[in-house]
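So the chains spell out like this:
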Amino acid sequence: MKKYLFTLISILVAVPIFAEKLPDNMYFNAMKDEMARTLNQLKRPGAPRPFYVAYKLENVRLLPAVSASLGALYPAQTRDDLLNVSVVLDIGTPQSDSMGYAHDSYSANYAYSPEREDSVAKSYDGIRQALWETTDDAYLFATEVYQQKQAYKRLKNIPQDKPDFVPGKQAQVFSSLAPLPVMDIPRLQAWAQAFSAAGNTRNYVEQFIVSFQPIQQETYYLNSLGGAYQQSRFAIQVEWKARLRNQDGYKKEWKQTLFLSNLDAKTVETLQQKNAEFLQAVDDIYHARKASTYLGPVLLAPGAAGQFLQETLVRNLQHITPLLSARTETDESAGKLRGKLGLRVFSNAANVYDRPSVREFNGTPLGGFMPVDDEGILAEDLTLITGGKLRALPRSSRPNEKGAKSNGHARLTPATLPRERLTNVFVEAKNPLSQAALEQQLRDKCRELELEYCYILPIYSTNGAALTAAQRLYTKDGRKETVYGLKLSDVTPRSLRDIVAVGDTPEVTSVAAGRNVYLPAQSVVTPALLLEELELVPDDAKPDKAPFVKKP
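Just so it is clear, the model here is predicted, and its values are computed rather than measured.

Draft legend 1. Up close: the overall build of the protein chain. When helices and strands are tallied, the protein chain shows seven helices and 27 strands. Computed over its C-alpha atoms, the radius of gyration of the protein chain comes to 26 Å, within 12% of the 24 Å expected for a compact globule of 552 residues. Taken along its principal axes, the extent of the C-alpha atoms in the protein chain is 75 × 55 × 45 Å. By residue count, 55% of the 552 residues in the protein chain fall in the buried class. When contacts within the protein chain are restricted to residue pairs at least 6 apart in sequence, long-range pairs at least 24 apart make up 77% of them. A total accessible area of about 24,400 Å² is found for the protein chain, and carbon and sulfur atoms account for 51% of it. Separation between the mean location of the 66 positive side-chain charges and that of the 62 negative ones in the protein chain comes to 2 Å.

Draft legend 2. Examining the sheet that holds strand β12 (residues 350-354) more closely. Pairing within the open sheet is mixed, and its six strands lie in the order β16-β15-β12-β19-β26-β25. One side of each edge strand has no neighbouring strand; the edge strands of this open sheet are β16 (389-390) and β25 (507-511). Across two bridges, the pairing between strand β15 (residues 382-386) and β16 is antiparallel. In the strand pairing of β16, Thr386 is matched with Lys389.

Draft legend 3. Geometry of the state of the cysteines. Overall, the coordinates contain one disulfide when judged by the stated rule. Each disulfide pairs two cysteine sulfurs, and for Cys446 the partner residue is Cys454, the sulfurs being separated by 1.3 Å. By the burial criterion, Cys446 is buried, and Cys454 matches it.

Draft legend 4. How the structure looks around the environment of Thr468. By the element assignment, Thr468 lies in the loop between β20 (453-457) and β21 (470-474). With a relative accessible area of 17%, Thr468 lands in the buried category. Spatially, the C-alpha atom of Thr468 lies 41 Å from that of Tyr221, the residues being 247 residues apart in sequence. Sequence-distant contacts of Thr468, that is, excluding residues within four places in its chain, are made with Lys252, Glu253, Trp254, Ile285, Ile459, Val483 and Tyr484. One polar contact links the side chain of Thr468 to the main-chain carbonyl oxygen of Glu253, over a distance of 3.5 Å.

Draft legend 5. Representation of the nonpolar core within the structure. In this structure, Leu300, Phe308, Phe346, Tyr455 and Leu457 are the most contacted members of the largest nonpolar core, which totals 54 residues. Considering every element that reaches this core, the biggest residue donor is helix α6 (residues 302-314), with six residues. Of all hydrophobic cores here, the second largest spans 31 residues; its members include Val66, Phe195, Phe212 and Trp254.

Draft legend 6. Spotlight on the pattern of salt bridges. On inspection of all chains with the given rule, the structure shows 27 salt bridges. Lys149 serves as the salt-bridge partner of Asp97, at 2.8 Å between the closest nitrogen and oxygen. Within this pair, whereas Asp97 is found in the loop between β4 (82-91) and β5 (115-117), its partner Lys149 is found in helix α3 (residues 124-155), the two being separated by 52 residues in sequence. In this pair, the class of Asp97 matches that of Lys149, namely buried. Where Arg494 meets Asp498, a salt bridge forms, and the shortest distance between an N and an O atom there is 3.1 Å. A relative accessible area of 42% means that Arg494 is categorised as partly exposed. When its relative accessible area of 19% is taken as the criterion, Asp498 is described as buried. One network of salt bridges, with partners in common, ties together Asp90, Asp97, Lys149, Lys153, Asp164 and Arg398.

Draft legend 7. Representation of the pairing of strand β22 (residues 480-484) within the structure. Counting buried residues along β22, four of its five residues qualify, which places the element largely inside the surrounding structure. Of the strand pairs in this sheet, β21 and β22 are connected by four bridges, and their pairing is antiparallel. Among the inter-strand pairings, Gln471 is bridged to a residue of β22, identified as Thr482.

Draft legend 8. Structural detail: helix α7 (residues 435-448). Taking 1.5 Å per residue as the helical rise, α7 with its 14 residues ought to reach 20 Å, and the 20 Å between its terminal C-alpha atoms agrees with that figure. Every buried residue of α7 is accounted for by Leu438, Glu439, Leu442, Arg443, Lys445 and Cys446. Down the axis of α7, the buried set is contained in an arc of 160 degrees. They therefore lie on one face. Exposed positions of α7 whose direction lies more than 90 degrees from the buried face are Ala436 and Glu448.

Draft legend 9. Structural detail: the packing of aromatic side chains. A complete count under the given rule lists 18 aromatic pairs for this structure. When the ring of Phe28 is compared with that of Phe174, the centres are 5.7 Å apart and the planes differ by 80 degrees; the resulting orientation is edge-to-face. Taken together, the residues span a long stretch of sequence, with Phe28 in helix α2 (residues 26-41) and Phe174 in strand β6 (residues 172-174) at a distance of 146 residues. Between the aromatic rings of Phe361 and Phe426, the centroid separation amounts to 6.1 Å while the plane-to-plane angle is 75 degrees, which identifies the pairing as edge-to-face. Of this pair, Phe361 sits in strand β13 (residues 360-361) while Phe426 sits in strand β19 (residues 424-429), placing them 65 residues apart in sequence. Both residues of the pair, Phe361 and Phe426, belong to the buried class. A connected cluster of aromatic rings, assembled from ring pairs, spans Tyr27, Phe28, Phe174 and Tyr220. Taking NZ or CZ as reference, Arg472 lies 4.1 Å from the ring centre of Tyr453, over its face.

Thresholds, definitions, all that
Residues numbered from 1 in each chain as written. Predicted model: local features only at pLDDT ≥ 70, side-chain atom pairs only at ≥ 80, totals over all residues. Heavy atoms only, no water. Helix = DSSP H or I, 4+ residues; strand = E, 2+ residues; numbered from the N terminus. Rg over C-alpha atoms; globule rule 2.2 N^0.38 Å. Buried < 20%, exposed > 50% of the residue type's maximum accessible area, 1.4 Å probe, protein only. Contact = heavy atoms within 4.5 Å. Areas by Shrake-Rupley, 256 points an atom, 1.4 Å probe, with all protein chains shown as cover. Lys, Arg positive; Asp, Glu negative; His and termini not counted. Charge placed at Lys NZ, Arg CZ, Asp CG, Glu CD. Pairing = 2+ DSSP bridges. Disulfide = S-S within 2.5 Å. Polar contact = N/O pair within 3.5 Å; in protein donor to acceptor, adjacent residues only side chain to side chain. Core = buried A, V, L, I, M, F, W, Y, C linked by side-chain atoms within 4.5 Å. Salt bridge = Lys/Arg side-chain N within 4 Å of Asp/Glu carboxyl O. Expected span 1.5 Å × (residues − 1). Arc of directions from axis to C-beta. Phe/Tyr/Trp six-rings, centres within 6.5 Å; stacked < 30°, edge-to-face > 60°. Lys NZ or Arg CZ within 6 Å of the ring centre and 35° of its normal.

Coordinates in, geometry out; function isn't part of it.
Given below as structure tokens:
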């Protein structure tokens, strides 16, 4: 085994392995040339040389944004195109390397983040320069972490018989790069004006903005084992945003974001419907009344269900290999469900799957589309949950305690070096119910508990933030009423087992990746979810000061 490792390391240091022909463009040419130089020449006295390097380039093209408020167009918003460079560099040996350890002196937000440079010049020379500078910084960081990690292992008497890095079979997938689409700007301007002008009919609306932002993102990835990919993503981000003061004097904001693959005739109908729904929600928020404490069944609309699953399920099924750290014995970023493989963690009302190979759903591009992961391994579809039991976990090349191999779910983000992450999470009901049937079942449960009303949540909040709006469903007659001023209390992964019914109309909830990443990085596709019990408590907010002069 030691002889094999020595041979592998020698090959890696000598020259990167490129099993297939790379696309002939300045991105791959610059990465290939600088990677060869890094592996052959980069050396710090007294420190190990790099044995593994990965480069990731993200070319974000923001077409002119179109925005209007209350029927008036904003000046054209043109942003510069962005090219971002991220570097992963590992030193030592695969048996004992510099990764998997959080730097002792850095804050939690940067202790395991990649070296990255934004706004890189889009030329071969510009990319080479950025890669050289960023790689140099990454090497300095790696040498410091390597020393800290070895000292920590000695202090904690961690055995050296298990490798730190076991890469799987490398893959190369190169998607064709689509040309920038031609956008009909006058048509977008007309829509933005018409949609936002609806706010003029409501005196209580202070701001009503509708905006269209076309985005194209190209990603180029190459590592020293030969793993590589090229992919292109395009989406039109449509955003509605309203600001108002409700009848009790509280300032409220309401926002909705939609990602579209195109603007065909069917999409136009969708936009008109979404605009009408958004305006109705604004009306309801204005007339809403303040709510009091509630404990009982809650129906989560698809959007709220997606946010609920992101917080309780998805976050707790990623980063499943905890980082070592001298500062703390527990890696708080590691998913809390990682140790529950084979145990019941979810309701038996639905199965859950992770599908990195799915590009879009009903015209909505999915953020987790990932044919090859950020360690160069083909991303496998996963059956996460069946029968309520956790059946699989996302895996990377960082071995866990059971030694499972990577299944292609390592993701490099601006916030973290490659770690395990879910991609496109699909919730599929075993016995899907219509919206009417879900509401009837909700009322039946209210009646059993002798409750005057139950709740339907159109949105879900995190970090103790108050819900902008919630909807009461009265038990006796099915009447609905909008309320405000509620917060979710003590929601944990335990609530996943309280799902008693699932809807029949799934929608996409998209999750962003961080700074300078304009398209979603993950998606949750789920119908509405009926939960046996949630606790809603009132917030402590007081009415805002009234304006000295009325709205013109």
